[in-house]
Amino acid sequence: MSTEQIPADAQLPAPEIVEVSDGIFAYIQHDGSWCLNNPAFVAAADQVIAIDACATERRTRLFQEAIAHISEQPVRTLVNTHAHLDHTFGNYLFSEDAVIVGHANCRAEILHDAPELPARARQMFPSVDWGDVEVVAPSLTFEERLSLYAGRLELQLIYVSPAHTNTDVIVWLPERKVVIAGDIVFHKGTPFALMGSVAGWLDALERVRALGAETIIPGHGPVAGPEVLDDVADYLRFVQQAAQAGAEAGATPLEVARDLDLGRFAEWTDSERIVGNLHRAYSELRNEPRGANIDTATAFAQMLDYNGGQPLRCLA
Ligand SMILES: [Zn+2]
């Protein structure tokens with residue numbers, strides 16, 4: 001299948017705004033596959049706090065319109081849950097009026113990668129119109145925890161990496177038992193640990209579980225209850241077991257992936273991530289540190305091989 005045959009205008013449902021608790025909104029971008037992330041926002045009397053931007057200029061502007069439809073207040077704070085471009089490429093559309101907050105590693109990674117990021121995005125997802133993107137990093141950073149207040153409502157930003165990446169922050173609103181999880185939670189989509197840690201992610205899920213959240217806004221996919229944590233953990237343990245068996249048999253991650261029956265996980269979007277996930281699990285079997293630098297370019301190339309040479313399906 002060539003790039004031209006990817007239905008860039010595929011009929012996806014329009015983004016959906018879900019008020020999960022009074023003044024707390026998820027902006028669900030269906031179908032949650034590559035680069036279709038879920039930003040969120042908290043509308044207070046004196047300001048809006050947004051959590052994540054979108055991947056493209058067009059999608060970020062639509063998100064901003066959705067916010068303006070609900071609140072007349074400006075977005076004064078934008079939180080980045082992690083450094084990935086689908087959550088941060090739209091930062092520049094907020095940065096005139098808003099302080100952008102993220103983990104110190106998130107700022108460092110975005111700044112480090114900035115010169116190559118637009119070209120890399122075009123190469124990875126050639127069918128996407130990114131718009132006039134300028135890469136902007138968080139200007140306010142923290143290490144472990146930071147509390148923001150929307151009026152009297154506390155938003156606790158908690159660093160949980162290495163997990164999906166080395167830059168992951170969740171947003172916990174204890175009074176409402178809501179977690180805005182970023183990509184610590186994929187719902188109906190395949191988790192992707194290549195740039196983080198499989199084992200660390202399992203620990204991060206336990207930290208989220210211990211909060212006692214009743215509502216979880218995932219980074220991708222529909223709003224969920226705490227049971228979604230079990231789904232993500234089940235998948236990550238499945239990856240670890242496949243890696244263990246594959247390593248003992250002397251197989252490469254790609255060979256393991258090709259022979260692997262994904263079972264119920266095959267229904268989740270972006271199943272080729274199994275290849276990248278196995279590369280990360282192999283690194284951990286070699287006792288390399290969680291979140292260590294590994295050869296992600298090879299892993300991405302092998303994900304395309306696994307897909308029969310097709311580009312990654314991206315409808316952003
Ligand atoms: Zn991500």
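Residues numbered from 1 in each chain as written. Predicted model: local features only at pLDDT ≥ 70, side-chain atom pairs only at ≥ 80, totals over all residues.

Q: Give me the nonpolar core: which residues, what numbers.
A: Counting residues in hydrophobic clusters, the biggest one holds 93 residues, and the most contacted among them are Ile 170 and Leu 278. Looking at which element gives the most residues to this core, the answer is helix 6 (residues 227-248), with 8 residues. (Core = buried A, V, L, I, M, F, W, Y, C linked by C-beta atoms within 7 Å. Buried ≥ 20, exposed ≤ 12 C-beta atoms within 10 Å, placed from the backbone. Helix = DSSP H or I, 4+ residues; strand = E, 2+ residues; numbered from the N terminus.)

Q: Hey, could you go over the sheet that holds strand 6 (residues 99-103) for me, with residue numbers and the actual values?
A: Whenever strands of a sheet pair, they do so through backbone hydrogen bonds, lying parallel or antiparallel. In space, the 7 strands of this open sheet follow the order 1-2-3-4-5-6-7, with mixed pairing throughout. The open sheet terminates on both sides in strands that have one partner only, identified here as strand 1 (16-21) and strand 7 (140-142). Averaged over all pairs of adjacent strands, the angle between their axes in this sheet comes to 20°, without regard to strand direction. Pairing analysis gives 4 bridges linking strand 3 (residues 40-43) to strand 4 (residues 48-51), with the strands arranged antiparallel. Residue Val 42 lies in a different strand from strand 4, and its bridge partner there is Ile 49. Lying over the sheet, helix 1 (residues 57-70) contacts strand 1, strand 2 (24-28), strand 3, strand 4 and strand 5 (75-79), oriented at roughly 150° with respect to strand 2. (Pairing = 2+ DSSP bridges. Axes fitted to C-alpha atoms, helices over the stretch in contact; angles between N-to-C directions. Contact = placed C-beta atoms within 7 Å.)

Q: Before we move on, can you summarise helix 8 (residues 273-285) with the specific residues and values?
A: The end-to-end C-alpha distance of helix 8 is 18 Å, a good match for the 18 Å that 13 residues give at a rise of 1.5 Å each. With 12 of its 13 residues buried, helix 8 lies for the most part within the structure. What helix 8 keeps buried is the set Arg 273, Ile 274, Val 275, Gly 276, Asn 277, Leu 278, His 279, Arg 280, Ala 281, Tyr 282, Ser 283 and Glu 284. Within two residues after helix 8, Asn 287 carries a phi angle of roughly 65°, on the positive side. (Expected span 1.5 Å × (residues − 1).)

Q: Residues and numbers for the confidence of the model for the protein, please.
A: Summing up the model confidence of the protein, the mean pLDDT is 95 and the portion of residues at 70 or higher is 97%. Note that pLDDT drops below 50 for residues 1-8; the model gives that stretch 8 contacts with residues more than four away or on any other chain. (pLDDT = per-residue confidence, 0-100.)

Q: If you had to explain the environment of Ile 70 to someone new, which residues and values would you point to?
A: Relative to the helices and strands, Ile 70 is located in helix 1. On the neighbour-count criterion, Ile 70 (14 C-beta atoms within 10 Å) is partly exposed. Along the backbone, Ile 70 and Ala 43 are 27 residues apart, and their C-alpha atoms lie at a distance of 8.0 Å. Not counting residues up to four positions away in its chain, the partners in contact with Ile 70 are Phe 25 and Ala 43.

Q: I'd love a proper account of helix 1, names of residues and values included.
A: Over its 14 residues, helix 1 extends 20 Å from the first C-alpha to the last, a length consistent with the 20 Å expected when each residue adds 1.5 Å. Those residues of helix 1 that sit buried are Arg 59, Thr 60, Phe 63 and Gln 64. Angularly, the buried residues of helix 1 cover 140° about the axis, an arc narrow enough to put them on a single face. When the buried face of helix 1 is taken as reference, the exposed residues oriented beyond 90 degrees from it are Glu 65 and His 69. Tucked into the core, helix 1 has its buried residues touching strand 2. (Arc of directions from axis to C-beta.)

Q: Just give me the short version of the pairing of strand 5, but keep the residues and values in it.
A: The buried count for strand 5 comes to 4 of 5 residues, which makes it a mostly enclosed element. In this structure, strand 4 lies alongside strand 5, joined through 4 bridges in parallel fashion. Across the sheet, residue Ile 51 finds its bridge partner in strand 5, namely Val 79. You can see the chain leave strand 4, run along helix 1 and come back into strand 5, and the turn it takes is right-handed. Two strands pair when backbone bridges link them, and strand 5 and strand 6 are joined in this way by 3 bridges, in the parallel orientation. Counterpart to Val 79 in the pairing with strand 6 is Val 101. (Right-handed = clockwise from strand over helix to strand, strands pointing away.)

Q: Break down the packing of helix 8 against helix 9 (residues 296-306) for me, citing the residues and quoting the values.
A: Where helix 8 contacts helix 9, the two axes come as close as 8 Å, and the packing angle between them is 140°. When the axes of helix 8 and helix 9 are compared, the crossing they make is right-handed. The residues of helix 9 that touch helix 8, namely those facing Arg 273, Val 275, Gly 276 and His 279, are Ala 299, Phe 300, Gln 302, Met 303 and Tyr 306. (Left-handed = near helix turned anticlockwise from the far one by under 90°.)

Q: Break down the sheet that holds strand 12 (residues 215-220) for me, with residues and values.
A: With mixed pairing, the 5 strands of this open sheet are ordered in space as 8-9-10-11-12. The open sheet has two free edges, formed respectively by strand 8 (145-150) and strand 12, since each of these has just one partner strand. Direction aside, the axes of adjacent strands within the sheet are offset by 25° on average. Bridging between strand 9 (residues 153-159) and strand 10 (residues 169-173) involves 4 bridges; their strand directions are antiparallel.

Q: Kindly report on the pairing of strand 4, identifying the contributing residues and their values.
A: Burial along strand 4 is two-sided: the face carrying Val 48 and Ala 50 and the face carrying Ile 49 and Ile 51 are both buried. Hairpin connection from strand 3 to strand 4: 4 residues lie between these consecutive antiparallel strands.

Q: If you had to explain unusual backbone geometry to someone new, which residues and values would you point to?
A: A cis geometry characterises the amide bond from His 30 onward to Asp 31, with omega recorded as 0°. Structurally, the position occupied by Asp 31 is in the loop between strand 2 and strand 3. Notably, Cys 35 is not glycine yet its phi reads approximately 70°, a positive angle. Residue position: Cys 35 is located in the loop between strand 2 and strand 3. Residue class for Cys 35 comes out buried when judged on the 25 C-beta atoms lying within 10 Å of it. Phi at Lys 188 takes a positive value of approximately 70°, unusual for a residue other than glycine. Residue placement: Lys 188 occurs in the loop between strand 11 (178-186) and helix 5 (198-211).

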